[in-house]
Amino acid sequence: MLRQLLASSLLILCTIKSVLGDSPSLQSILGNDDLEVYFPGQPGYQNASRAFNLRLNFKPVAVAYPNSTDQVAELVKVGALLNIPVTARSGGHSYAGYGLGGANGHLVVDLTQINAISVDNSTGVATIGTGNRLGDIAIALFNQAGRALPHGTCPLIGIGGHASFGGYGFTSRQWGLTLDNVVGATVVLANGTIVEASASQYPDLFWALRGAGPSFGIVTQFQFTTYVAPAQPTFFSYYWSLPLDQAITGISLYQNFSFSSSIPKEIGFEMDLTKGSSEGEILLNLVGSYYGSPDQYSAVVQPFLDAMTAPAQVNVTSWLDNLVLLAGSAIASTPQSIAAENNTFYAKSLTTPSDAPMSQEAITALASWMSVEGWYTDTNWFVQLELYGGNSSQIDTIPSNATAYFNRHDLWTIQFYTSSADAEPPFPREGFAFLDGLVASITANEPESYNYGAYPNYVDPRLPPNEWHALYFGSNFERLQQIKTEVDPTGVFTFPQSM
Ligand SMILES: Cc1cc2nc3c(=O)[nH]c(=O)nc-3n(C[C@H](O)[C@H](O)[C@H](O)COP(=O)(O)OP(=O)(O)OC[C@H]3O[C@@H](n4cnc5c(N)ncnc54)[C@H](O)[C@@H]3O)c2cc1C
């Protein structure tokens, strides 16, 4: 079926080419009144082509704002016709500027105008246009039907990238990643055909979309399973600024707590680490939410707090107010909030296995690097130990080959992040060495058999191919390559870390 569709669309492409002649210009094809599009040199182009990460600067051949799946399909056909790589952009929050293609010369298809959200009240399935951002989605799902999705805490992330490569938030231990809740997708393929992918239709494509989607097509809408929004979530945040030896103890206790068989799936948390308040100190922040009954909250966290007393902020609120607390800001997007959110940064990640704790040597080396190098560096930085696994986590119940998203059996995803001190360019070059040192402090102190992965939504453009193939996709990589040759044989959807 998929092959037949591809063949008939090739015919249409050839017809367009013969009508237009051999080398029509992009501007002559796209420059019509129905489509909002910006070309280099035009007013609006600079803003349309600005990366969220100001460390990066890419020049697309055009940035188009289609308002329907049909218009997306036309854009993809034009890109294929002219041999121009085509790139979808949803919220534009890719760490590596992949929403602009991660290189010069892409035709960027910005999905902002495809932003409908509806919930089927009988099934709870939500249909969400991929021009939407997480905060707006949360508000719409809750206001329309009292429902919710698992997703990250930053409200301005786009659903397109987030659901393509993962989608982790504090409800993920009970509801899974965002992509685990995708039950259908409307997809524009490389030849411009439009298909509905699901477990029963185009199952290979559907498998690939959930973990590596941008290599295979442009999704214009997703259908998601949703959940009744928790009635009274408990937000919590505890702080400690500790000298090195106590910080090492704190991180070790946190690891024990992460492994504890007493934590229910209704709790989600991470420990954030950054520069402390005095020389050599490290600031530890345990932050998260509990979605069970508020009167049971204390019993869940008390075993950790018995060992580590701390100043606390604990708030029982409504679902949407909980999201505001986690975001640290309003969650509805506005042109002002979008414009104000940029940063100049670089990040890496490591996932750690759920069957082997990080060694004391690695914890000590990591904490020492943060305490010494971290105190003297001029960059801003943080390290996050995000709990993906642990007792009864939903993420962990799904086999690694069930979706293209591979890293299922992990305790933590660790994010290492550094940015310029004022969030503006230039990015300080020492930031790379500082971050490489943080990662090496762990990897140099574990045996070679220690089973790392990395999180594709914290995409690291400096990873060499053999590393990102293995760290992001493990043994799923081969099947993804195979599907790529069937679905996009000429590489219309090509970017630095595409299949
Ligand atoms: C401030 C900040 C906070 C974050 N917090 C979290 C968090 O809490 N949890 C978490 O899991 N992640 C988090 N992330 C990472 C985030 O999930 C990824 O950066 C995500 O890929 C961004 O999606 P986007 O649509 O905004 O980005 P974009 O740059 O628009 O897209 C990212 C990639 O997806 C592709 N793509 C986008 N839309 C589509 C589509 N419709 N069809 C096909 N391909 C598409 C793009 O081409 C690009 O390759 C955070 C990122 C930032 C910047």
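Since we're looking at a predicted model, the values are computed, not measured.

K.L.:
What is the right way to look at the domain arrangement of the protein chain in this model?
P.N.:
Quite often, the size of an interface is put as the accessible area lost when its parts meet. Assigned domains of the protein chain: these are domain 1 (2-110), domain 2 (117-229) and domain 3 (234-316 + 342-462). One C-alpha centre belongs to domain 2, the other to domain 3, and the line joining them spans 26 Å. Counting residues at the interface gives 20 residues for domain 2, matched by 24 residues for domain 3. If you tally residues by element for the side of domain 2 that touches domain 3, the top one is helix 8 (residues 203-212), at five residues. Of the residues assigned to the side of domain 2 that touches domain 3, the class counts are nine nonpolar, eight polar and three charged.

K.L.:
Would you mind showing me how to read unusual backbone geometry here?
P.N.:
Glycine aside, negative phi is the norm for most residues, and most peptide bonds take the trans geometry. Put simply, Pro 425 and Pro 426 share a cis peptide bond, and its omega is 5°. Positioned with a positive phi, Asn 83 is a non-glycine residue whose angle comes to about 60°. Tracing the backbone shows Asn 83 in the loop between helix 4 (69-81) and strand 3 (86-89). When the 9 C-beta atoms within 10 Å are taken as the criterion, Asn 83 is described as exposed. With a phi close to 60°, Ser 392 is a non-glycine residue in the positive phi region.

K.L.:
Would you explain helix 10 (residues 297-307) in this entry?
P.N.:
Along an α-helix, residues three or four apart share an orientation, since each turn contains 3.6 residues. Within helix 10 the residues assigned to the buried category are Tyr 297, Val 301 and Phe 304. Along the long axis of helix 10, the arc covered by the buried residues comes to 75°, so they all point the same way. Structural note: helix 10 exposes Ser 298, Ala 299, Gln 302 and Asp 306 on the side pointing more than 90 degrees away from its buried face. Where the residues of helix 10 are buried, they touch strand 12 (234-242), helix 9 (244-259) and strand 14 (282-290).

K.L.:
Explain the site of the ligand here, please?
P.N.:
Of all residues adjacent to the ligand, which total 33 residues, the nearest are Gly 91, Gly 99, Gly 152, Gly 160 and Gly 161. With five residues, the single largest contributor to the shell around the ligand is helix 6 (residues 159-165). A class-by-class count of the residues in the shell around the ligand yields twelve nonpolar, 20 polar and one charged.

K.L.:
Quick question: what am I supposed to make of the nonpolar core here?
P.N.:
Judged by nonpolar contacts, the single largest core of 137 residues is most densely connected at Val 76, Val 109, Val 187, Leu 205, Ala 208 and Leu 209. With sequence-adjacent residues up to four places away left out, Val 76 is seen in contact with Val 86, Val 188, Ala 190, Gly 192, Ile 218 and Val 492.

K.L.:
What's the story with the environment of Val 459 in this structure? I'm lost.
P.N.:
Checked against the element boundaries, Val 459 lands in the loop between helix 15 (430-443) and helix 16 (465-473). Placed 40 residues apart in sequence, Val 459 and Met 499 show a C-alpha to C-alpha distance of 14 Å. When sequence neighbours within four positions are dropped, the list of residues in contact with Val 459 reads Ser 94, Tyr 95, Ala 96, Tyr 98 and Gln 497.

Reading guide: rules and limits
- Residues numbered from 1 in each chain as written.
- Predicted model: local features only at pLDDT ≥ 70, side-chain atom pairs only at ≥ 80, totals over all residues.
- Domains from an automatic or database assignment.
- Contact = placed C-beta atoms within 7 Å.
- Helix = DSSP H or I, 4+ residues; strand = E, 2+ residues; numbered from the N terminus.
- Nonpolar A, V, L, I, M, F, W, Y, C, P; charged D, E, K, R; others polar.
- Buried ≥ 20, exposed ≤ 12 C-beta atoms within 10 Å, placed from the backbone.
- Arc of directions from axis to C-beta.
- Near = placed C-beta within 6 Å.
- Core = buried A, V, L, I, M, F, W, Y, C linked by C-beta atoms within 7 Å.

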